[in-house]
Amino acid sequence: MDTSVLTAILQSAIALVVILILCLKLWPSLRLDTFRQGMFIVRDDLVEFAASGRVQFTHPAYKLLRQSMNGFIRYAHQLTFFRLIFTLLQWKTLHRKPVFTWAAEWDAALKTITDETVKTELVSFHTRALTLVFKRIVTGSPVLMVTLGIMVMIALLRTQWVNLKTVVRTSA
């Protein structure tokens, strides 16, 4: 073998190792830190909202939101598409019906708020937190990202196909 070929092979192997380290070690760590930092920002905004006196720190809606954000921060490393799928499969195969009390408690707590702007702001904090969770789950799974990409492309193609048929029919 020629030395230039050996050099090219060695350079390719080193580049592959660097890419693998980036993809398998550094990227997941960066995603986790970014998610937690985003959730810290939302939680800090919620605390500032309560500190301004618009909602009490002891109000059930505030406490539920803060507890859920704290849980997302603490267990962010376990918040993956893989775990979500296997949890759903476990519930299905073991015939365990999960108890979803958080949503009922959240709705009940929101009903006790009379000021609509406060209620809207609290719902906005909840939406921001869930948006971060959704992004974490979707961007953490290459399979899910590819599947969603294909689904979006199919939806766009179907929409365009229907639009094209409509244009042809109306022009004829």
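Refer to the structure presented above.
Residues numbered from 1 in each chain as written. Predicted model: local features only at pLDDT ≥ 70, side-chain atom pairs only at ≥ 80, totals over all residues. Heavy atoms only, no water.

Caption draft 1: Representation of helix α2 (residues 60-74). The end-to-end C-alpha distance of α2, which contains 15 residues, comes to 21 Å, matching closely the 21 Å that a straight helix rising 1.5 Å per residue would cover. Looking only at α2, the buried set comprises A61, Y62, L64, L65, S68, M69 and I73. For α2, the buried positions fall inside an angular range of 170° around the axis, keeping them on one side. Exposed residues pointing more than 90 degrees away from the buried face of α2 are listed as Q67 and R74. Residues of α2 that are buried make contact with α1 (3-51), α4 (101-111) and α5 (116-139). (Helix = DSSP H or I, 4+ residues; strand = E, 2+ residues; numbered from the N terminus. Expected span 1.5 Å × (residues − 1). Buried < 20%, exposed > 50% of the residue type's maximum accessible area, 1.4 Å probe, protein only. Arc of directions from axis to C-beta. Contact = heavy atoms within 4.5 Å.)

Caption draft 2: Focus on the pattern of salt bridges. Scanning the model with the defined rule gives two salt bridges in all. Note that R128 is salt-bridged to D45, the shortest N-O span being 2.7 Å. Linking R128 in helix α5 with D45 in helix α1, this pair joins segments that are 83 residues apart in sequence. The shortest N-O distance in the salt bridge between E116 and K119 comes to 3.5 Å. Here E116 and its partner K119 are both found in helix α5, three residues apart, which amounts to about one turn of the helix. (Salt bridge = Lys/Arg side-chain N within 4 Å of Asp/Glu carboxyl O.)

Caption draft 3: Inspection of the packing of aromatic side chains at higher detail. Per the stated rule, a full pass over the model turns up five aromatic pairs. Between W91 and F100 the ring centres are 6.0 Å apart and the planes differ by 80°, which places this aromatic pair in the edge-to-face class. Ring geometry for W102 and W106: centres 5.4 Å apart, planes at 15°, overall stacked. Of this pair, W102 and W106 both sit in helix α4, four residues apart, which is roughly one turn of that helix. In this structure W106 comes out as buried when scored by relative accessible area, which is 6%. (Phe/Tyr/Trp six-rings, centres within 6.5 Å; stacked < 30°, edge-to-face > 60°.)

Caption draft 4: Representation of the side chain of H59 in the model. In this structure, H59 sits in the loop between α1 and α2. Owing to a relative accessible area of 16%, H59 belongs among the buried residues under this scheme. Within the structure, the side chain of H59 is placed 3.0 Å from the side chain of T112, a separation counted as a polar contact. Setting aside anything within four residues of it in sequence, one finds H59 in contact with A109, T112 and I113. (Polar contact = N/O pair within 3.5 Å; in protein donor to acceptor, adjacent residues only side chain to side chain.)

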